[in-house]
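Coordinate analysis (summary)
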Amino acid sequence: MTAANPLTFMPSSGDTILIVGHGSREDSGNQEIREFTEQWRAQRPDWRIELCFIEFAPPEMNAALLSAARSSRRVLVVPLILNAAGHVKMEIPEAVEGARAACPQTEILLAPHLTACDPILAILKRRLRKAMTALDMPDPTTTGVVVLGRGSSDRGANGEMAKMARWLMEEGDHELVDLAFTGITWPRLEKVVQRQVLLGMRQIVVLPYYLYTGTLMQRIHRQVEHLRGQYPQVRFACSEHFGFEKEIFALMEERVEELRAGVPGSRLPCDGCSYRELAHEMGHGHSHAHTHDHGHAHGPEHAHAHGHDHGHDHTHDHGHDHAHGHDHDHAHHAKEQPA
């Protein structure tokens, strides 16, 4: 099976493991996910592992699910996504439901996203230790830490980020570990850095909470360079995205093994949950195939005027740096950003 034709399956096969990546406008991020898939295949040559993307890159999720379902006895859908916002809670389950309806002979199981958990915390702690060694004065009492995530209109996704920042503080010696977001919600990186400087921090470590590179990771590094110029008296260190850390592979394998074993809690809670049922009752069905270009001229089906904050996991990058003087209070409640 070659990467050039990721949807070619052997007929009448057993399990197909389908990785669901978000997809990015910046193809370097998509390529990293393809490389992750190849590395996982090399580690588990006995597994049939395929890849699809929710948007911005082929193969597209709905088509990939149908292809896998038509040629496998069972499909194990494993999101390669950190936080559960709109994609995890609504769009992936809807794609699964569509594939189940089209291929009732095939069992299709959906795993949870990676979640805020100890393996992800281990990555953050390792990134923080590495950043501290790069500072001239590696004193945790005078070094502020900023866990920097995408930001979501889903409070649960933001809450997972807050939990990781708290865990990082409780398991270390840093007295100041803050949370910031690149979009959608507050506070933003610049405001948090300003506050930490006022509180006397002489070094600041920025820890991006991202799986793969993309337009937002590039923007983060530009922002840190601007901050270095704005605060010449402060030393800054900025870590990289999580990428190919061993914990990510281990979490994905754990998801697969738990689905196969039928472990309680191994299936995504929102697989058919009331969350999406409420959205449908309010006239918001995410059945679009993500061929939209997000020029913010959506039709009525994207008005998002309903009261709950489901939030997609992507605020689409529009090719500029977003000074964020505006508060993103669009009628469709500001979609989250792609990696």
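What comes next concerns the included structure. (Residues numbered from 1 in each chain as written. Predicted model: local features only at pLDDT ≥ 70, side-chain atom pairs only at ≥ 80, totals over all residues. Heavy atoms only, no water.)

1. Comments concerning the nonpolar core
Selection criterion: For the purposes of this section, nonpolar cores are sets of buried Ala, Val, Leu, Ile, Met, Phe, Trp, Tyr and Cys residues that join through side-chain atoms within 4.5 Å. Buried, partly exposed and exposed residues are distinguished by accessible area as a fraction of the type maximum, computed with a 1.4 Å probe on protein chains only: under 20%, between the cut-offs, and over 50%, respectively. Numbering of helices and strands starts at the N terminus; helices are DSSP runs of H or I of at least 4 residues and strands are runs of E of at least 2. In what follows, a contact means two residues having at least one pair of non-hydrogen atoms within 4.5 Å.
Among the nonpolar cores identified, the biggest contains 49 residues, and Phe36, Trp40, Leu80, Ile120, Leu168 and Tyr209 are the most heavily contacted of them. Among the elements that make up this core, the one with the highest residue count is helix 4 (residues 118-133) (seven residues). Discounting chain neighbours no more than four positions away, the residues touching Ile120 are Leu82, Thr115, Met164, Tyr209, Phe242, Ile248 and Leu251. In terms of nonpolar packing, the next biggest core, distinct from the first, is built from 21 residues, Ala68, Val77, Ile81 and Leu110 among them.

2. Some remarks on the packing of helix 2 (residues 61-71) against helix 3 (residues 86-102)
Test applied: Axis lines are fitted through C-alpha atoms, for helices just across the contact stretch, and the angle between N-to-C directions can take any value from 0 to 180 degrees. Should the near helix be turned anticlockwise from the far one by less than a right angle, the crossing is termed left-handed; should it be turned clockwise, right-handed. In this classification, Asp, Glu, Lys and Arg are treated as charged, Ala, Val, Leu, Ile, Met, Phe, Trp, Tyr, Cys and Pro as nonpolar, and every other residue, Gly included, as polar.
Running from N to C, helix 2 and helix 3 cross one another at 35°; their axes reach a closest spacing of 9 Å. The element helix 2 and its partner helix 3 pack so that their crossing is right-handed. Contacts between helix 2 and helix 3 involve Met61, Asn62, Leu65 and Leu66 from the first element and Glu91, Ile92, Ala95, Val96, Ala99 and Ala102 from the second. Residues belonging to the contact of helix 2 with helix 3 are distributed by class as follows: eight nonpolar, one polar and one charged.

3. Some points on unusual backbone geometry
Going from Pro58 to Pro59, the amide bond is cis rather than trans, its omega being -5°. Assignment of secondary structure puts Pro59 in the loop between strand 2 (49-53) and helix 2. One non-glycine residue, Thr115, lies in positive phi territory at about 70°. If you trace the backbone, Thr115 turns up in the loop between strand 4 (107-110) and helix 4. Of note in the backbone geometry, Ile184 takes a positive phi value of approximately 75° without being a glycine. Along the chain, Ile184 falls in the loop between strand 6 (177-181) and helix 6 (189-198). The class for Ile184 is buried, based on a relative accessible area of 10%.

4. Some thoughts on the pattern of salt bridges
The cut-off we apply is this: Any carboxyl oxygen of Asp or Glu within 4 Å of a side-chain nitrogen of Lys or Arg constitutes a salt bridge here.
The tally for this structure, following the rule as stated, stands at 15 salt bridges. When the shortest N-O distance is used, the salt bridge between Asp27 and Arg34 registers 3.4 Å. For Asp27, a relative accessible area of 40% puts it in the partly exposed group. Two residues, Glu247 and Arg126, come together in a salt bridge whose shortest N-O distance is 2.8 Å. Taken together, the residues span a long stretch of sequence, with Glu247 in helix 8 (residues 246-261) and Arg126 in helix 4 at a distance of 121 residues.

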